[in-house]
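# Working through the structure, step by step
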2 protein chains.
Amino acid sequence: MSDRATASARTELPFSREEYALRLDKVRRRMAAAGIEVLLTTVPENIVYLTGYSSLGYFTYQVLVLSLHHEPILLTRAINVEKAQVDSCLTCIEGYRDTEDADEATHRVLERYGLLGKRIANQDDAWFFSVARYKTLLRRLGVNDLADGSGLIEHVRRIKSRREIDYIRQAGRYCEASLRAAIAAVVPGATENDVAAAAYQAMYQAGSEFLGHEAQYVAGPAAGLGFECAKRRPVRADDVVYMEAGGTHQRYNCMLSRTVIVGRPDPKWIAMAEASRDALDAAKAAMHAGATSHEVDRAARTVMGKAGLGRYFSHRTGYSIGIGLPPDWGEGRIMSINENDPTVLESGMCFHLIPDLKLVHQGGVVFSESVLVTETGHEALTEFPSEIFFK
Amino acid sequence: MSDRATASARTELPFSREEYALRLDKVRRRMAAAGIEVLLTTVPENIVYLTGYSSLGYFTYQVLVLSLHHEPILLTRAINVEKAQVDSCLTCIEGYRDTEDADEATHRVLERYGLLGKRIANQDDAWFFSVARYKTLLRRLGVNDLADGSGLIEHVRRIKSRREIDYIRQAGRYCEASLRAAIAAVVPGATENDVAAAAYQAMYQAGSEFLGHEAQYVAGPAAGLGFECAKRRPVRADDVVYMEAGGTHQRYNCMLSRTVIVGRPDPKWIAMAEASRDALDAAKAAMHAGATSHEVDRAARTVMGKAGLGRYFSHRTGYSIGIGLPPDWGEGRIMSINENDPTVLESGMCFHLIPDLKLVHQGGVVFSESVLVTETGHEALTEFPSEIFFK
């Protein structure tokens, strides 16, 4: 049997080599300014951002070693090495065997590339780099602690390039197809699962990759608890159905939400859905380069307050979006649209604005959209009728 | 507007209170044997297992505080408290506000319940408890280190109860529906996304919750790299299509895989798919309470070796399955079926056996099934024709 490659050795990367080089350059400047010579990151979104390498196996140990003067080095499981060679702009890829100690392998890589003894920082807020591994790595390196390089790469990710925005827009097309199908699936006798079935069918058919986070199709009181998903509940007469759709293109995520009202529930639900819609519109109108996160949030919160619904709007108005792998599709850990947040918006930032309302044990309503910040205002990344859908 | 609850205050839990009490008792015995008085865990699967509480918001900080003599205490974001009250067997639920320091809140809870000064261990291998948080928690508690309680709860999770097995079987029904639809969707002109669309549609329609990990529907050479998913590639004449379906019921995951062959590719693919099928059958035949993980793996590996394919079978034969939330649907971190693993199988363990074969840059084939270990052998958790599907 021959191992001769029948496919081209490299797939086309989602971005030009120049764009990857520019990203790396920005990160290196921030490393230098922070006095960091070597930065270890296991955050899968950061690895995708800087190298193009994306694999479902991201939750097993792999680390990108960034340094001021050497090319980035990826250490990953041996079985991932070929994929990294094909699907990334990396030139230095090292594998470790499953029978090998991964911290030993990290030490070996740092030694081989002459990086031991440099000022090394670890990204301490990473999810897939456990405390247990940190403790063994410290022992292996013979140090008591490492500096924390959290946020250095994320800061660069906040501003999206033209091509990144194109990908989020494309993900928006998948959202629209998915949400249209979900709304159409609300018919007498349907369950939440029938709605989710239609939504995911349309989303994949439109071209989406897997989402960074589960979409939400929840009917009736269950939606009032939040963080719920389709779980076989029937859509009943006079139910309010909470729908948050997603789409993903080249790992860039986009979201879009609407409310469906079945029959004639308590009129308060219509008032609440209208308040969510108006709060969304107000946040969009307040958005432009130079505005603060707080100001945009305030615009939405003021609408809710005037509608007498302020006490039910206890969460942030939105969060940054971009690259996302499960379990999170947003960049809320990078930046949010929230009260008392003085961060100034810049052109090229993208946000999912979701001023939804939930009443515990009763239900939830939502209007949400994804938008791009421009010099003079905003541009929509999704297009969908701004209305409540009645069934 | 009234906040009067319109739904019953508690949903029916997936397991009886007696079963939750039994699980807690087993964990406490292991804590006591390890000299641990208080165990902090943020592992979402462990929280689901011991309390029934499951929320999509599991990746934001929440911690279950287990102690030898006090009821379990959940500390979670304030907005999750109601859901935890409704969807768990917990009697002690504490919330922290988003504006509050979460480590401060952890300290407050330990103090309130008289647990400061006890022998406290942290589950150090948890993904959603970062090194950054660990460092700040140590400072807040005024200690240099905490003991590591990793694996204590996982050990108890290995053996499934009758009801857990019922749930995995039900998830198996979703796998079967999903895989049937995926195979039917392989028609001239279809893309991987058309196949995924059909698979997810059928999976949700059958009743599945969201999966703990993305299912894989990959055509042609891309499947040879592993850890790939549907990404808009066309299914071409003479392609081999790699299909790994999933299903989830009450957060219990099940998996099932088959190979579809389109047209007349190189005959080696048929030989490889048959070897995967025979290796799966051999592993199943070797499985019974008292056998070792190594022996079951060896049975599959011997088949591959005799077929001259040993060098392409470089990974484990299978992994434990049960509760799973993204990004992982398996319990591979708890137990695997692997070479040189002396662990003795016990009745009530469940595994996904997946002796697949991948040729880098060429493609992949797979037969996989989920099975239950019994005293005398095994029981299938999925039912599907044991054949290659030709198109």
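Residues numbered from 1 in each chain as written. Chains lettered and ligands numbered in written order. Predicted model: local features only at pLDDT ≥ 70, side-chain atom pairs only at ≥ 80, totals over all residues. Heavy atoms only, no water.

A few words now on the confidence of the model for chain A. Close inspection of predicted coordinates is inappropriate in any region flagged by low pLDDT. Per-residue pLDDT for chain A has a mean of 95; in total, 97% of the residues score no lower than 70. Low pLDDT, under 50, characterises residues 1-8 of chain A; the stretch is placed with 18 contacts to residues that sit more than four places away or in other chains. (pLDDT = per-residue confidence, 0-100. Contact = heavy atoms within 4.5 Å.)

Residue and element names in this part refer to chain B. By the criterion of burial, strand β2 (residues 63-67) is predominantly enclosed, with five of the five residues buried. Of the two faces of β2, both are covered, the one formed by Val63, Val65 and Ser67 as well as the one formed by Leu64 and Leu66. Joining the antiparallel neighbours β2 and strand β3 (residues 73-77) is a turn of five residues. (Buried < 20%, exposed > 50% of the residue type's maximum accessible area, 1.4 Å probe, protein only. Helix = DSSP H or I, 4+ residues; strand = E, 2+ residues; numbered from the N terminus. Pairing = 2+ DSSP bridges.)

Let us look at the interface of chain A and chain B. Contacts between chain A and chain B engage 75 residues on the former and 75 residues on the latter. Roughly 6200 Å² of surface becomes buried between chain A and chain B when both sides are summed, with 61% attributable to carbon and sulfur atoms. Counting the contacts that link chain A with chain B gives eight salt bridges. The shortest N-O distance in the salt bridge between aspartate 145 of chain B and lysine 135 of chain A comes to 3.0 Å. There are 34 residue pairs in polar contact (both at pLDDT 80 or more) connecting chain A and chain B. The set of elements that each furnish at least two residues to the side of chain A that touches chain B consists of α3 (81-86), α5 (131-141), α8 (192-206), β8 (240-249) and α9 (268-285) of chain A. Residues belonging to the side of chain A that touches chain B are distributed by class as follows: 35 nonpolar, 20 polar and 20 charged. (Buried area = accessible area lost by both parts, 1.4 Å probe. Salt bridge = Lys/Arg side-chain N within 4 Å of Asp/Glu carboxyl O. Polar contact = N/O pair within 3.5 Å; in protein donor to acceptor, adjacent residues only side chain to side chain. Nonpolar A, V, L, I, M, F, W, Y, C, P; charged D, E, K, R; others polar.)

It is worth spelling out empty space enclosed by the protein at this point. Per the stated rule, a full pass over the model turns up five cavities of 30 Å³ or more. When its volume is computed, the largest cavity comes out at roughly 240 Å³. Considering the residues around the largest cavity, the lining is formed by 19 residues, among which Leu211 and Glu214 of chain A together with Leu211, Glu214 and Pro326 of chain B are closest to the centre. Those elements that provide at least two residues to the lining of the largest cavity are α8 of chain A together with α8 (192-206) of chain B. Looking at the lining of the largest cavity, its residues break down into 13 nonpolar, four polar and two charged. (1 Å grid on protein atoms, 1.4 Å probe; cavity = no way out; pocket = protein on both sides within 12 Å on 5 of 7 lines; lining within 4 Å. Points joined across faces, edges and corners; volume = space filled by probe spheres on them.)

Below, the discussion takes up the pattern of salt bridges. Per the stated rule, a full pass over the model turns up 58 salt bridges over all chains. Residue aspartate 87 of chain A pairs with lysine 83 of chain A through a salt bridge whose shortest N-O separation is 2.7 Å. Aspartate 87 of chain A sits in the buried class, given a relative accessible area of 10%. Taking relative accessible area as the criterion, lysine 83 of chain A reaches 1% and is therefore assigned buried. Among the ionic pairs, aspartate 103 of chain A bridges to arginine 133 of chain A, the shortest N-O distance being 3.4 Å. Placement of the pair is aspartate 103 of chain A in helix α4 (residues 102-112) and arginine 133 of chain A in helix α5, with a sequence separation of 30 residues. A residue is classified by how much of its surface remains accessible, and arginine 133 of chain A, at 23% relative accessible area, is partly exposed. Here the residues in one salt-bridge network are Lys83 and Asp87 of chain A together with Glu192, Glu228 and Arg233 of chain B, joined through shared partners.

For the rest of this paragraph, the subject is the relation of the copies chain A and chain B. Each of the two chain copies goes to the other by way of a rotation about an axis and a shift along it. Least-squares fitting of chain A to chain B yields an RMSD of 0.0 Å, with the transformation described by 0.0 Å of translation along the axis and a rotation of 180°. This pairing of chains is accounted for by a two-fold axis. A share of 100% of the interface residues of chain A reappears at the interface of chain B, consistent with the copies meeting face to face through the same patch. (Least-squares fit on C-alpha atoms with pLDDT ≥ 70 in both.)

A word on the sheet that holds strand β1 (residues 38-41) of chain A. Residues and elements named next belong to chain A. Pairing is mixed in the open sheet, where six strands are placed in the order β4-β3-β2-β1-β5-β6. Looking along the sheet, the strands with just one partner apiece sit at the ends: β4 (92-96) and β6 (147-148). With two bridges joining them, strand β5 (residues 120-122) and β6 adopt parallel strand pairing. By the bridge assignment, alanine 121 is partnered in β6 with alanine 147. Packing of helix α1 (residues 17-33) onto the sheet brings it into contact with β1 and β2 (63-67), and relative to β2 it is tilted by some 70°. (Axes fitted to C-alpha atoms, helices over the stretch in contact; angles between N-to-C directions.)

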